[in-house]
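# Remarks on the overall topology
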Amino acid sequence: DDLGVAVANRLSRLPSVRQVTLIQAPWSRRQAKKRFLPRLRHLVRMEGPWAPASALVRRLRSLTRLAVSSSGEPGQMRLDEQIPLVSVANFHDEDALAALKAADADLGVVAGTYLLKKKVFAAPKLGSINLHSGKAPEYRGSAPAFWELYNGESTVGVTVHRVTRKLDAGNILAQESFALDVAPSGDPIDYIESYRRDVLRPNGVRMLAEVVDAIARGEAVEVPQDPSRSFAYRSPDYRTQKALRRRVARRRASQRRGAPT
């Protein structure tokens, strides 16, 4: 994923930032530890009966993009040359902790990863902040834009918050909302993917840069979250995706009839 690269490049261009180091790891090693059949069953449950074939196509496309990128032609986003890159197997391994110590960072900036332990997010002098594509505390957890569309929300939030032990629960440093079409044309799953790419991601990168600059200048303001309004969502499975399509279809029909959605 290019999100870490986009964030690192944007932060390195801030006058208030002296140095950026990008430390990256695979999303999770838990799936890799599973045997073939449990992994296959999980894939089908999450993505449907055609998931194995789709996964193979995605893998081939990924290898093609990698080959194009390594050949020097347009492909994946490139990390600016002055930014050191450290690749680790897991953020909690000893080599990752050693890389954090060597970086001697003032601030950790987290984007698109799993829940981190305190020994990782508290390693930088000023702790760490996280980019969450969702309105906290109401939409903590997974699947940005999916559950908002499922619930018929007219907006999706993007939140920058302090990292704590609890999921997406730290003090809020910035939060904005962006309009969401509750009855988009075409496949709503495709709409969600394009919405993440075209709306949530660029605005999230921008907001992270603004918060980092405010922290560097000593002007950041933190607002505690209200835990009584919190709800954490999980990644939707195949059945839930089918239910979303039905809900969106009903909304489209209501709009054609002129009824409220």
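Read on for an overview of the structure. Here the structure is a predicted model, which is why all the values come from computation and not from measurement.

Definitions and cut-offs
Residues numbered from 1 in each chain as written. Predicted model: local features only at pLDDT ≥ 70, side-chain atom pairs only at ≥ 80, totals over all residues. Heavy atoms only, no water. 1 Å grid on protein atoms, 1.4 Å probe; cavity = no way out; pocket = protein on both sides within 12 Å on 5 of 7 lines; lining within 4 Å. Points joined across faces, edges and corners; volume = space filled by probe spheres on them. Helix = DSSP H or I, 4+ residues; strand = E, 2+ residues; numbered from the N terminus. Pairing = 2+ DSSP bridges. Axes fitted to C-alpha atoms, helices over the stretch in contact; angles between N-to-C directions. Contact = heavy atoms within 4.5 Å. Parallel < 35°, antiparallel > 145°, perpendicular 65-115°, else oblique. Nonpolar A, V, L, I, M, F, W, Y, C, P; charged D, E, K, R; others polar. Left-handed = near helix turned anticlockwise from the far one by under 90°. Buried < 20%, exposed > 50% of the residue type's maximum accessible area, 1.4 Å probe, protein only.

For the rest of this paragraph, the subject is empty space enclosed by the protein. This model, assessed by the stated rule, comprises 1 cavity of 30 Å³ or more. The volume enclosed by the largest cavity comes to roughly 40 Å³. Taken together, 13 residues line the largest cavity, and the ones lying closest to its centre are Tyr139, Ser142, Ala143, Pro144 and Glu148. Elements with a contribution of two residues or more to the lining of the largest cavity: β5 (140–141) and α7 (146–150).

To continue, consider the sheet that holds strand β7 (residues 172–179). Read across the sheet, 4 strands follow the order β3-β4-β6-β7 without closing on themselves; strand pairing throughout is mixed. Each edge of the open sheet is held by one strand with a lone partner, namely β3 (108–111) and β7. Mean inter-strand twist for the sheet, computed between neighbouring axes without regard to direction, equals 15°. Taken together, the 4 bridges between β3 and strand β4 (residues 128–132) define a ladder with parallel strand orientation. Looking across to β4, one finds that Gly108 is bridged to Ser128. Each of β3, β4, β6 (155–162) and β7 touches helix α8 (residues 188–216); the most contacted strand, β7, lies at about 155° to it.

Moving on, we get to the packing of α8 against helix α9 (residues 238–257). Packed helix pairs are specified by the crossing angle of their axes together with the interaxial distance, meaning the distance between the axes. Here α8 crosses α9 at 95°, and the two axes come no closer than 9 Å. Taken together, α8 and α9 sit at an angle that is classed as roughly perpendicular. Each of Pro188, Ile189 and Ile192 in α8 lies in contact with α9, whose residues at this interface are Gln241, Leu244, Arg245, Val248 and Arg252. Per-class residue counts for the contact of α8 with α9 are 5 nonpolar, 1 polar and 2 charged.

Another aspect to go through is unusual backbone geometry. Across the junction of Ala136 and Pro137, the peptide omega takes the value 10°, indicating a cis bond. Looking at where Pro137 falls in the secondary structure, it is placed in the loop between β4 and β5. One non-glycine residue, Ala143, lies in the positive phi region at around 60°. Its place among the elements puts Ala143 in the loop between β5 and α7.

Bringing the packing of helix α1 (residues 3–12) against α8 into the picture now. One way to put it is that α1 packs onto α8 with a least axis distance of 10 Å and a crossing angle of 40°. Accordingly, the angle class assigned to the pair α1 and α8 is oblique. Relative to α8, α1 is oriented so that their crossing is right-handed. Here Leu3, Ala6, Val7, Arg10 and Leu11 of α1 lie close against α8, whose contacting residues are Arg201, Val205, Arg206, Leu208, Ala209 and Val212. Partitioning the contact of α1 with α8 into residue classes produces 8 nonpolar, no polar and 3 charged.

Of note, Val205 is situated in helix α8. On the accessibility criterion, Val205 (7% relative accessible area) is buried. A sequence separation of 45 residues divides Val205 from Val160, and the C-alpha atoms of the two residues are 9.9 Å apart. With near-sequence residues (within four places) excluded, Val205 lies in contact with Leu3, Ala6, Val7, Arg10 and Leu131.

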